[in-house]
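Commentary on secondary and tertiary structure
Chain residues, written in single-letter form:
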Amino acid sequence: MMALPQISLRRSILLFIITLSCALVSFNHFVLGPQLKSVMQEDAYKDIVAMIDRIQGSVEYMLRNNDISGIRREIAANSVHEEIKYLVFFDESLHVVASSKQVFVGQNFSDLPLHLEVNIMEEVLSKKKHIVFESLAEEDTLYALAPINILGNQGLRDSRWGALVLEVDLGIRQNPLLHQIDRFFWQASFLVALLGLLFWFGFRKTINSRLGTIISAAKKIAEGEFATRIGLLGKDELAEIAGAMDVMAARIEEDHKELVSRHIQLESILRNIPSMVYIKNTDGQYLMANQRFIETFPRIDIATGQTVYDILPNDEAERFTRYDAKVLKTEAAISKRVFFTVNSKEHHFFMVKFPLFDSTNLAYAICTIATDLSEQEQAENLLNISNSIFENTIETIVITDEKRRIIDVNQSFLKMTGYAKEEAYGKDLRFIGVRESTAVHQDIWNSLFDLGHWAGELISQSKNGHEYYERISINSIVNQENKITGYVAISQDISLEKESSENLLRLAFRDALTGLHNRESFKNNLASATAHAQRSGESLGVLFIDLDFFKEVNDSQGHGFGDRLLVMVSERLLQRTRVVDVVSRLGGDEFTILVTGSVTDAGLAVLASQIIKSLSHPYYIDNNEVIIGASIGIAIFPRDGSDVELLVKHADAAMYHAKELGRGRFSFFDFSINEKNQRLIKVKQALRSAIESSEYRLVYQPKVNPHQCVVTGYEALLRWESQELGMVSPAEFIPIAEESGEIEKITDWVIRRVAMDKQYSANLRQANVAINISAKQFKSDSWVNTLRIMHDSSELDVASITVEITETALIDSFEVTLEQLLTVRGLGATIAIDDFGTGYSSLSYLKKMPIDYVKIDRSFVQDIGIDPDDQAIVQTVIAMSHALDIKVVAEGAESAEQIDFLKSKECDEIQGYYYSRPIELEELDSFLLQV
């Protein structure tokens, strides 16, 4: 909401005077005038009714005396009033008998300039009633009509009733009084304005100069001239304010002198404190160490990523690792009195550890200051080194007391801001980030009060007015009693970095549909983030998101519907991520999220779970409820890749792994996933050319009637021997073919190949052949069309074909599946449910579907004789199916014991290695059943 402009007291008085004058005029125009006019109209209405009644009585009296001349005199006498426009007496045929205007006498009603409808006159004559109304045709005009009883006909035409019409101009009647009232209110408004202006000029003359004195003195005090005094005399409120400001200035001047004195003392103390200073990242690797630390531990090599375990014995190293973990967990400083062995000599140190925060307020490192309590001379050297670091580091450092008043700044601060040390001393820490609002500074101090630290970016201003961006981290300084004794602020000028980022943002492309970052923008952001993370030793995460079931919604509802769904998905992604995260749409239904700031597996897992949960909630579009899901792959820099392409590729691979786990999941990348994904890509690519390269073939496994020991048919089984990959299992390539859509081409090839094989083999020509149809196939009727075409062209006798489907096809799209099965059933094919018992179908499906066979899955058959539960399941399925007049085929029988059990339970057909392995086409005609 836009803030209201600030108006000075002097201007507000003038504005009040003008407003009051306008209010008086407006009250007259909009309230009093209309109200008075309404009252006057009511009075006019009453007067006109009385007048028309009086004239009516006079006219009727004169008519009884046949005094036409008297009637005309009466009409003329009553027309002398200025507000009466017309007064007309009509006979029954609406001809004028008498009128206020003599030229009207003898004329017909229709020839007169009256704004009256004929039907009104007819209503007066027919119903013999008075009518009074205000004209809609002319403004401020009132009409009154009255019927006249005509008893005689001397000088008149033969008629019994006439009409009297009176037209009155209300404006002439009302305007004089309204004009007087308007004149009164304009005069009153002018008088109020005149008196107000006189008051305003007097106010300015007596108050303005005193206010100017106070404001000038206040500005000087704000600029640091604490010796300024106002000295305003008098007993009014302004004099009291001036006196209070003089007292305040005196106290500020006293506090400033105390601050300078304390700063000098503190600088002297810091110059002589010997300490080791070093910084480690969150993995415990040393990032920086001062000379004192290196002298104490000469074996340390910062460039090689060494840890405390490289310089101290394991037991001592573990103790310091626990201290670091506590700092990271609490995100607060700790102080300890510790000891450790250096050069076979035990040293006692007072150690302070505190976290360092990046721009996203995440702890990325731990700074430690350790003072050797046993060797005072080492402490003195360390103090000198610390002072050198303080003065020469490129980052600006500002130190304050517990009241946030600046007590010291380094040379970098002086160079960046242009201020001298004396100009900064005593200023509030708000001196940094002078462009930021009070609310921002309040957030900073709330964070310092609650957490002991704050990190972020501010817009500051140098002494010459130049504005610049700085990244700043502020931490509390606490003493041994854990009381705050001051604050330290470390910052650096990031104006060039900001300018570069803004230029990148202007050049970056956005996705036209969702407004998210597009592929190029995502890659640019990821490249910048990895470069920054590499310099700072941080990590980052890439989430690769693919929507589950979006393709089905897009295909069924249309692309416009799908686009609206994608926009809603992007909104939910933005709601679940931070402002600093980069959310992108790569294309189609693929999205990515870049998460920066020393990410962890646990944090990314929580984020992925929240996104999956959010995207799985229903969407409502045009009164349609749509439910989709998401699968997410996660890759982390630098663990899972050191460049942009590798990170995206590995996150994509992890996403595919999540889909394989069952969708609606997330998966972190590992190199075993990568190997599997590479295999998946190779299989997917090889599938596209398998038919053209003649790499597929069919083998046929017999189905046997165990009671008669005869072959009742065969099941066509697909085999793929790739030129590149060698033999590929159907269990591997069939799911990939279903996911990629290649399954439609494969099914079409299988149907046509079975027809060709039937022509080749006499044994196969006479037999029933079962063909497996994937559940994915029922989303299209291409396989049904293929059977219909081949049946119509006599290439294939569909009556010799059994269509085998899984239970999944019944559940996913029952209505569509039923329609397609009824179609092929009408062509003569038989229907079988494959792998029965492994899905979730119910008896209701078996009753509703045109099922001829139920095939018991091999997982139940193989444990016959071992698992009583499997035996009970097989027996139940056979009994249930027979009760529904459905035959049963058992798959995977390999032993005589299994065959005997199935025969004893009246299983209709058996398929398995006990009778025969799948047979090549060339061997079918020579195949003999061995029992």
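The preceding data block contains the structure.
Residues numbered from 1 in each chain as written. Predicted model: local features only at pLDDT ≥ 70, side-chain atom pairs only at ≥ 80, totals over all residues. Heavy atoms only, no water.

1. Examining helix H22 (residues 782-792)
Stated precisely, the cut-off is as follows: Relative accessible area decides the class of each residue, using a 1.4 Å probe on protein chains only: under 20% of the type maximum gives buried, over 50% gives exposed, and in between gives partly exposed. By definition, any uninterrupted DSSP run of H or I lasting at least four residues is a helix, any uninterrupted run of E lasting at least two residues is a strand, and each is numbered from the N terminus. To obtain the arc, one takes the directions from the helix axis to the C-beta atoms. In what follows, residue pairs with any heavy atoms lying within 4.5 Å of each other are defined as contacts.
Every buried residue belonging to H22 is among Trp-783, Val-784, Thr-786, Leu-787 and Met-790, and all of these are buried. Down the axis, H22 shows its buried residues gathered within 160° of arc, on one side only. Residues of H22 that are buried in the fold lie against helix H20 (743-760), strand S27 (801-806) and helix H24 (814-826). Where H22 ends, the next residue or the one after it, Ser-794, has phi of about 65°, a positive value.

2. Focus on a nonpolar patch on the surface
Rule in force here: To count toward a patch, a residue needs a relative accessible area over 30% and no salt bridge; like charges are then connected within 9 Å, while nonpolar side chains (Val, Leu, Ile, Met, Phe, Trp, Tyr) are connected within 5 Å. Using the Shrake-Rupley algorithm and a 1.4 Å probe, accessible areas are obtained, with residue cover drawn only from the displayed protein chains. Salt bridges are counted wherever a side-chain nitrogen of Lys or Arg sits within 4 Å of a carboxyl oxygen of Asp or Glu.
A surface patch of nonpolar side chains, amounting to about 530 Å² of accessible area, comprises Phe-190, Leu-191, Leu-194, Leu-195 and Leu-198. Structurally, Leu-191 is set in helix H4 (residues 170-222). With a relative accessible area of 47%, Leu-191 lands in the partly exposed category.

3. Description of the sheet that holds strand S4 (residues 141-149)
Just so we agree on the cut-off: DSSP calls a pair of strands paired once it identifies at least 2 bridges connecting them. Throughout, an axis means a line fitted to C-alpha atoms (over the contacting stretch in the case of helices), and angles, computed between N-to-C directions, take values from 0 to 180 degrees.
In space, the five strands of this open sheet follow the order S2-S1-S5-S4-S3, with antiparallel pairing throughout. Of all strands in the sheet, those with a lone pairing partner are strand S2 (96-99) and strand S3 (131-134), marking the two edges. Across the sheet, the mean angle from the axis of one strand to that of its neighbour is 15°, orientation sign disregarded. Note: strand S1 (residues 84-90) against strand S5 (residues 161-169), six bridges, orientation antiparallel. Counted as the bridge partner of Phe-90 is Ala-163 from S5.

4. Comments concerning the pairing of strand S26 (residues 768-772)
Looking along a regular strand, one sees the side chains alternate between the two faces of the sheet. The condition that has to hold: For a crossover, the right-handed case is the one in which the path from the first strand over the helix to the second runs clockwise, viewed with the strands pointing away from the viewer.
With four of five residues buried, S26 lies mostly within the body of the structure. The sheet contact formed by strand S24 (residues 710-722) and S26 spans three bridges and is parallel. When the bridges of S26 are listed, Tyr-714 appears paired with Val-769. Pairing between S26 and S27: four bridges, direction parallel. When the sheet's bridge partners are listed, Asn-772 is paired in S27 with Glu-804. Assessed by its sense of winding, the connection that carries the chain from S26 through H22 to S27 is right-handed.

5. Observations concerning the sheet that holds strand S13 (residues 453-461)
Taken together, five strands build an open sheet; the order of strands is S12-S11-S15-S14-S13 and the sheet is antiparallel. Each end of this open sheet is capped by a strand with a single partner; those strands are strand S12 (406-409) and S13. Sheet twist, expressed as the average angle between the axes of neighbouring strands with direction ignored, equals 25°. Examined bridge by bridge, S13 and strand S14 (residues 467-478) share nine bridges and lie antiparallel to one another. Bridge pairing in S14 places Gly-456 opposite Ile-472. Docked against the sheet, helix H11 (residues 438-451) engages S13, S14 and strand S15 (484-493), running at close to 155° with respect to S13.

6. Thoughts on the pattern of salt bridges
One pass over the structure, following the stated rule, counts 23 salt bridges. A salt bridge links Glu-715 to Lys-855; the shortest N-O distance between them is 3.1 Å. With Glu-715 in strand S24 and Lys-855 in strand S29 (residues 853-856), this pair connects stretches of sequence that are 140 residues apart. Residue class for Lys-855 comes out buried when judged on its relative accessible area of 1%. Of the charged contacts in the structure, one is a salt bridge between Glu-742 and Lys-745, with a shortest N-O distance of 3.7 Å. Taking the relative accessible area as the measure of exposure, Glu-742 reaches 11% and is therefore buried. When salt bridges with common partners are traced through the structure, they connect Glu-715, Glu-804, Lys-855 and Glu-891 into a single cluster.

7. Observations concerning unusual backbone geometry
A cis geometry characterises the amide bond from Phe-637 onward to Pro-638, with omega recorded as 0°. The topology assignment puts Pro-638 in the loop between strand S21 (629-637) and helix H17 (644-660). The backbone phi angle of Ser-598 is positive, close to 50°, even though this residue is not glycine. For Ser-598, the location among the structural elements is in the loop between strand S18 (590-596) and helix H16 (601-616). For Asn-623, which is not glycine, the phi dihedral falls at a positive 65°. Mapped onto the elements of the fold, Asn-623 is located in the loop between strand S19 (619-621) and strand S20 (624-626).

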